[in-house]
Each structure stands twice: as C-alpha cells, then as structure tokens.
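Now for the letters of each chain:
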Number of protein chains: 2
Amino acid sequence: MVDAEDLETLASAEPVSDDEADGRKRRGNATRESILQAAADLASVEGLEGLTIGRLATELGMSKSGLFAHFGSKEELQLATIAAARRRFVDHVVRPSRSLPRGRARLEALLEDWLRYFRAEVFPGGCFFCSVKAEFDSRPDNAVREIVTEDMRQFLAFLEREIAKAQEAGELDPSVEPAQLAFEFDALGSAANQQFQLMHDRTVFDRAATGMRARLGSA
Amino acid sequence: MVDAEDLETLASAEPVSDDEADGRKRRGNATRESILQAAADLASVEGLEGLTIGRLATELGMSKSGLFAHFGSKEELQLATIAAARRRFVDHVVRPSRSLPRGRARLEALLEDWLRYFRAEVFPGGCFFCSVKAEFDSRPDNAVREIVTEDMRQFLAFLEREIAKAQEAGELDPSVEPAQLAFEFDALGSAANQQFQLMHDRTVFDRAATGMRARLGSA
DNA sequence: CCTACCGATCGGTAGG
DNA sequence: CCTACCGATCGGTAGG
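Residues numbered from 1 in each chain as written. Chains lettered and ligands numbered in written order. Predicted model: local features only at pLDDT ≥ 70, side-chain atom pairs only at ≥ 80, totals over all residues. Heavy atoms only, no water.

Structural notes on the overall build of chain A
Secondary structure summary: chain A contains 10 helices and zero strands in total. Reading the secondary structure of chain A in the N-to-C direction produces α-α-α-α-α-α-α-α-α-α. Here the analysis covers contacts within chain A between residues at least 6 apart in sequence; of these, 67% occur between residues at least 24 apart. (Helix = DSSP H or I, 4+ residues; strand = E, 2+ residues; numbered from the N terminus. Contact = heavy atoms within 4.5 Å.)

In structure tokens:
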C-alpha cells in the first residue's frame, strides 16, 4: 500500500503549475492558499463542520458567495482545507528530519519535531489532524473521514519505517515490533496534544518525551 | 484537590429524590434520564454542538419546545448530557473493579474494563469523553470545556491512586512515578479508542493491552 | 469577485 | 407537554 521509500502522498501537495505566463492563475493560487491556511487555522479550533463559509468570509473580508465560488461545495472546502493543513504538517513534522541519515538519530529528531509542532501550536487549536479525526471518526460514508483515516495510516506507516531503519542500523532493540512501537509513539504524542489543549500545562510534553525515551531504550 | 479515598465526584450523580409520594417527579426524572441517555448517544457520534434540540426531539418523537422545556438552554442540555454520560462511564469503567481489594489485580481489572468499554462501544460513537474533549479543547471560557477538563483530571488522579496502591502492596515497580504511568495508560487507551473508531480494526486493543502490560512489568 | 436572494434549520419564546 | 412563531445563520444559487 505504502512504498517503504515513498512519502510522496504524505509530502506532496497539488503542484503549483508554472507553465503559464500570466500571473492570474498564480495570484489565484496564492489567494486560494491564503484562504485555505486561514480555513485550517479556524478548523483546528472550531472543527471542520464549525468552519462555516460565512464566518471564514467575514474573517477574510470577503463576501460569502465570493469565497464560495472558489469551491463547489462545503465538502470541497473541507477537503481542500485538509490538503492545506497536510502541507503545513509536512513542513513542520515530516520534512525537517529527512535531511539526516536514516537511523535512531533521525527517528529521535522526528519525534522531537512532532512534539515541538504541538508545543508551538502550529495550528491555533492544537494539531489539526487530531481535531478532525475525533470530529469525523464515527461518521460513516464521509469523504473527510476517509481521507484523514488514510493520512493517519500513512503517518503510522512512516513512523514504522523510521523505527525499522533504526533497528536495521543496530541502534534500536530489534525485538520490538515496529507497528507496536509506532502505535505507542502516536498514543503518547496525541495524548500530550490533547491534554495540553485542555490544561495548558507544558509538562505533558515531558511526560510524552519520557514515555518515548523509555520505549526507545538505551541502545 | 481530590481525596485519595474519594471517588464521589466521578461516581456521584444528582440523587433521585425519593421523599415525595406522587410519581410525577419520578416519572419526570425517568423521562429526563431517557432523554439524556439518548442525547449522550447522539453526542458521541455528532458531538455536543451537533447535538441539536430539533434532531434530538425528532428522534424521541417529541416537539422541539417540549424537549427544550426540560432544560433552560442548549448549554444546560449539554451539561446535563455530560452528567448522564458520566453515570454510564462510571457504571462500565469505574465501578466494576471497586469490589476487588486494592492492588495490582484491581488496577489490571480497571484497565481491562476501560478497554472493554471502548471495544463494546458503550457509546455508539466511541468514548463520549474522548469526543467531547477533542471538540471543546480549544474553546476558551466554555463551561463544557471546563467540566470535561475536570473529569479528565479526576480520571487521571483515579488511575494514579490505583497505581500507587499497587506499588504500596509491593505488586508494582515503585520506581515508576504514578502520574507518569497514568499518563501513559490514558494515552494508550485513548489512542485505541480513536484508531478503532477510524479503522474498525480491533487489533488496536491488543496494541493498547500490550503497551499497558509492558508498563506494568512482570513484578 | 459582488448583491440579492432561496429554503432549511438553528436556539429560543409566547401562550396555552 | 403542544402549536405557532421569532431573528439569525446555514449551505447554496441566480445573475452580473
């Protein structure tokens, strides 16, 4: 399903086409992207259903129908907002550690970047994907639910690959199943995000980091 | 803040007054409770904002204003729904293991009951409190947010006490900080609920149980 | 991108 | 507990 060497789905965005001379489309894309980044901020606080076209329009100083014209429906706006949020997530969590050689140091850097992303409130309402997953997790036959589920699967698979590479490098206990460890890392990080949003107590990040360190072990 | 011997806030419900002869109030309370249990089911799927008075009324075969008359406002309905959901949570998770003597066996029973509560979908949309915490975690000055935060604190404190008692009994490694262990148990259980709701894959409960067993250790 | 509008639904009220 | 209603807001459309 997910190629071991391939993070393209997680890391790719719709490419900005560059083969037309006039700046109209580019400006259009820039407008669209700024709309979607504002939408992602709003949705991380209010949810993707609470993200209403009227409210977003007011916030952007646009008319409702002017904004609506960029998308065909509320669901299209929701899906485009998820794609924009994914770009921001990749920039803050997935990409930075990719320049490091594979192995334990890179895995640790990834986990640190992930906790930093929560702590810095890269989205004003905490992790966008944590919010949306909880909001849509029990709605059957919903496109939003399906795409965030696939995103979660990919993130878990991504963690798994980094864990396996650290094991292959002999820098991590090979007796631990990568999928089990990925589950536990995801649990610790997600719980820290949730509790931080509720309690505004940054010591939860120390708890998550402590838990992760214990799972990584000393060698 | 929370007395070590006291689970009253977590376990108590508004007592049903019994000192009046006529059954009107009792019937009223029964009606109210059935409304609120339906409300809790609905909210676990749609969220506490998605729980609209009109929808709940339709589901119960009542008029909107007839239902509304039981509560003064939507916020009152939300708070009463939380109290009803708390009763169900206590019945399934908190209460059963309380008949066991304090110690490791009781802690393990509690964790098993908690996972069973997720697995059995005691609420149709998964854990009511997991949903509501995520929905309200980034809304400032909100009564719902404050009460579910307090409920979470109490549940964590409850886990902590059970952990400490198992340590005092010499049945659990005393070098682990109870609050750290409670954080990790909460993380593992919450992640299992979330992933089960999204993926409908019951192996996540094995992952959570495996993680918990590893944290409990062999002695 | 706008104004002007649509039917449906929201939380809530009046009056019984 | 009901019918009948309120103003506000929802997603969405017509027409420019």
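Some remarks on the side chain of Q167(A)
Residues and elements named next belong to chain A. Tracing the chain through its elements places Q167 in helix 8 (residues 143-168). We classify Q167 as buried; its relative accessible area is 13%. Each residue touching Q167, except ones within four places of it in the same chain, is listed here: L172, D173, P174, V176 and P178. (Buried < 20%, exposed > 50% of the residue type's maximum accessible area, 1.4 Å probe, protein only.)

Comments concerning the protein's contact with DNA strand C
Surrounding DNA strand C, one finds 14 residues, the nearest of these being S63(A), S65(A), T52(B), K64(B) and K74(B). Each atom of DNA strand C within 4 Å of the protein was classed as base or backbone; sugar and phosphate made up 57%. Here a phosphate oxygen of DNA strand C and a backbone polar atom of K74(B) are 2.5 Å apart. Contributions of two or more residues to the surface near DNA strand C are made by helix 4 (64-68) of chain A together with helix 4 (64-68) of chain B. No other element matches the three residues that helix 4 of chain B contributes to the surface near DNA strand C. (Near = heavy atom within 4 Å. Polar contact = N/O pair within 3.5 Å; in protein donor to acceptor, adjacent residues only side chain to side chain.)

So, the relation of the copies chain A and chain B
The transformation that overlays chain A on chain B combines an axial shift of 0.0 Å with a rotation of 180°, and the residual RMSD is 0.0 Å. Classification of the inter-copy transformation places it as that of a two-fold axis. Closest approach to the rotation axis within chain A is made by the C-alpha atom of A187(A), at a distance of 2.5 Å. The share of interface residues of chain A whose copies in chain B are also at the interface is 100%, consistent with both copies meeting through the same surface. (Least-squares fit on C-alpha atoms with pLDDT ≥ 70 in both.)

Considerations on the packing of aromatic side chains
All names here are of chain A. Considering all chains together, one arrives at 22 aromatic pairs over all chains under this definition. Measuring from ring centre to ring centre gives 5.4 Å for F89 and F155, while their planes differ by 80°; the resulting arrangement is edge-to-face. Taken together, the residues span a long stretch of sequence, with F89 in helix 5 (residues 74-94) and F155 in helix 8 at a distance of 66 residues. You'll find F89 and F155 in the same group, each marked buried. Taking 5.0 Å as the distance between ring centres and 50° as the angle between the ring planes, the aromatic pair formed by W114 and F118 counts as tilted. (Phe/Tyr/Trp six-rings, centres within 6.5 Å; stacked < 30°, edge-to-face > 60°.)

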